[in-house]
Amino acid sequence: MPKIPFNRPYMTGKELFYIAEAHFHGKLAGDGPYTKRCHAWLESTAPPGRALLTHSCTAALEMTAMLLDIQPGDEVIMPSYTFVSTANAFVLRGAVPVFVDIRPDTLNLDETQVEQAITPRTRAIVPVHYAGVACEMDTILDIARRHRLAVVEDAAQGLMSTYKGRPLGALGELGTFSFHETKNIISGEGGALLVNDERMLERAEIIREKGTDRSRFFRGQVDKYTWQAVGSSYLPGELIAAFLWAQMEEADAITARRMALWNAYHEAFAGLEAEGLLRRPIIPADCGHNAHMYYVLLPSLAQRTALIERLAAQDIHSVFHYVPLHTSPFGREHSRAVGDLRHTNELSERLVRLPLWVGLEEHQGEVIDRIVRTVRELSRAGG
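Residues numbered from 1 in each chain as written. Predicted model: local features only at pLDDT ≥ 70, side-chain atom pairs only at ≥ 80, totals over all residues. Heavy atoms only, no water.

### Comments concerning the side chain of aspartate 31
Topologically, aspartate 31 is positioned in the loop between α1 (15-24) and α2 (33-45). Here arginine 208 takes part through its side chain, which lies 2.8 Å from a polar atom of the side chain of aspartate 31. Not counting the four nearest positions on each side in its chain, aspartate 31 is found in contact with Lys36, His39, Arg208, Glu209, Leu235 and Glu238. (Helix = DSSP H or I, 4+ residues; strand = E, 2+ residues; numbered from the N terminus. Polar contact = N/O pair within 3.5 Å; in protein donor to acceptor, adjacent residues only side chain to side chain. Contact = heavy atoms within 4.5 Å.)

Okay, structure coming up:
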């Protein structure tokens, strides 16, 4: 068996052709024909919002902070168990991240603790759909509605996942996606903003186009474009969109292949879970996930560390995930935590992510066998 990386970016076979076609037609900057195809696909996949491609999910999150007019001293509620971009987008505008614990089942924002985190300075709630599994959105949306707060979905991992049949990213006022090479549908770097409140769309276009009304100009709505507001350059180039379009065309097939791998892991580890040697992911009945990742929870940090090391010695690359933001040097100084964040602290030390990428099918049987055998060996050795 060859070395098994944690991730291997998948190409459908059309990416380079579409990139060459974009070059042939002389359109390399943003918002060309391929960008428009990607927008249409996103809008059909996660209706009813309007989509805007960005150069990263980080950029899309930064746009949400600008759209909500976040000011210094404002507070934004989010989990600590997330990527730094979730917090950075709002910290850049002077806001204070307010961290709430995660649920022990899905590792998502604990909706039962959100309300106690609200103060007069609170402006928004940012649920992060971990591993492409939905947060408990009905409760979060109800809390936001009663307290007149915005909801920004960090659906970086959640494209093509659903909550009660509704697409993630389309439930709050704003949603964000990632097309980083570690995601299901990729463009190397890349992201998208989904604007679900029509009143924000024109301003979103202005922010994305360096603070100008250039989008309206290209639609023939104005005879010239000019500086209208604060903005930045959040467009990806057309080459990125061309690559992404090849992926979107095959999105259903990619998801199906990933799901088969996810299910193979899940079935193979059922016995280990029954023996108390690990815990498998929990998918609530209302959630349709996209097989973004497969992780297991080991009994302790020591066992997690030992498993990663022993798998590496067998040329299988597994990884842990986020270091909670409230424990980071910057987070300790510039954020606020509500409660002891017990589950965040504990589960982040026990989680290990396993290889899951299209093409792994050829080796999945041997990979799974080695992981099962290694977990059993660790158990017999007492950790």
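Right, picking up where we left off after that structure.
### A look at the nonpolar core
Among the nonpolar cores identified, the biggest contains 49 residues, and Leu42, Phe177, Phe179 and Met248 are the most heavily contacted of them. If you list the elements that add at least two residues to this core, you get α1, α2, β1 (50-54), β3 (96-100), α5 (137-147), β9 (191-195), α8 (238-249) and α9 (251-268). The residues touching leucine 42, leaving out its near neighbours within four places in the chain, are Ala51, Leu53, Leu159, Phe177, Phe179, Ala192 and Met248. Residues Met66, Leu68, Val76 and Ala124 belong to the second largest nonpolar core, which totals 33 residues. (Core = buried A, V, L, I, M, F, W, Y, C linked by side-chain atoms within 4.5 Å. Buried < 20%, exposed > 50% of the residue type's maximum accessible area, 1.4 Å probe, protein only.)

### Looking at the sheet that holds strand β5 (residues 150-154)
One open sheet holds the eight strands; their spatial order is β1-β9-β8-β5-β4-β2-β3-β12, and the pairing between them is mixed. Looking at which strands have only one partner, the edges of the open sheet turn out to be β1 and β12 (336-337). The pairing of strand β4 (residues 122-125) with β5 spans two bridges and is classified as parallel. Within the sheet, the bridge partner assigned to alanine 124 lies in β5 and is alanine 150. Packed on one face of the sheet, helix α3 (residues 57-67) meets β1, β5, β8 (174-178) and β9 and runs near 165 degrees to β8. Where helix α6 (residues 201-208) meets the sheet, it contacts β1 and β9, and its direction lies at approximately 10 degrees from that of β1. (Pairing = 2+ DSSP bridges. Axes fitted to C-alpha atoms, helices over the stretch in contact; angles between N-to-C directions.)

### Description of unusual backbone geometry
Residues proline 47 and proline 48 are joined by a peptide bond in cis, for which omega reads 5 degrees. Along the chain, the position of proline 48 falls in the loop between α2 and β1. Within the chain, alanine 131 stands out as a residue other than glycine whose phi angle is a positive 60 degrees. Structurally, the position occupied by alanine 131 is in the loop between β4 and α5. Here the phi dihedral of lysine 164 falls at roughly 50 degrees; this positive angle occurs in a residue that is not glycine. For lysine 164, the location among the structural elements is in the loop between β6 (162-163) and β7 (166-167).

### Comments concerning the sheet that holds strand β10 (residues 287-288)
Spatial ordering of the open sheet is given by β7-β6-β10, a layout of three strands whose pairing is antiparallel. The two strands at the open ends of the sheet, each matched to only one other strand, are β7 and β10. Where β6 meets β7, two bridges bridge the pair, whose relative direction is antiparallel. Bridge pairing in β7 links tyrosine 163 to arginine 166.

### Some remarks on the environment of aspartate 213
Mapped onto the fold, aspartate 213 is located in the loop between α6 and α7 (214-218). The class for aspartate 213 is buried, based on a relative accessible area of 5%. Along the sequence, aspartate 213 and tryptophan 227 sit 14 residues apart, while their C-alpha atoms lie 7.0 Å from each other. Ignoring anything within four residues of it in the chain, the contact list for aspartate 213 reads Ile206, Val222, Lys224, Tyr225, Thr226 and Gln228. There is a polar contact of 3.2 Å between the side chain of aspartate 213 and the side chain of glutamine 228.

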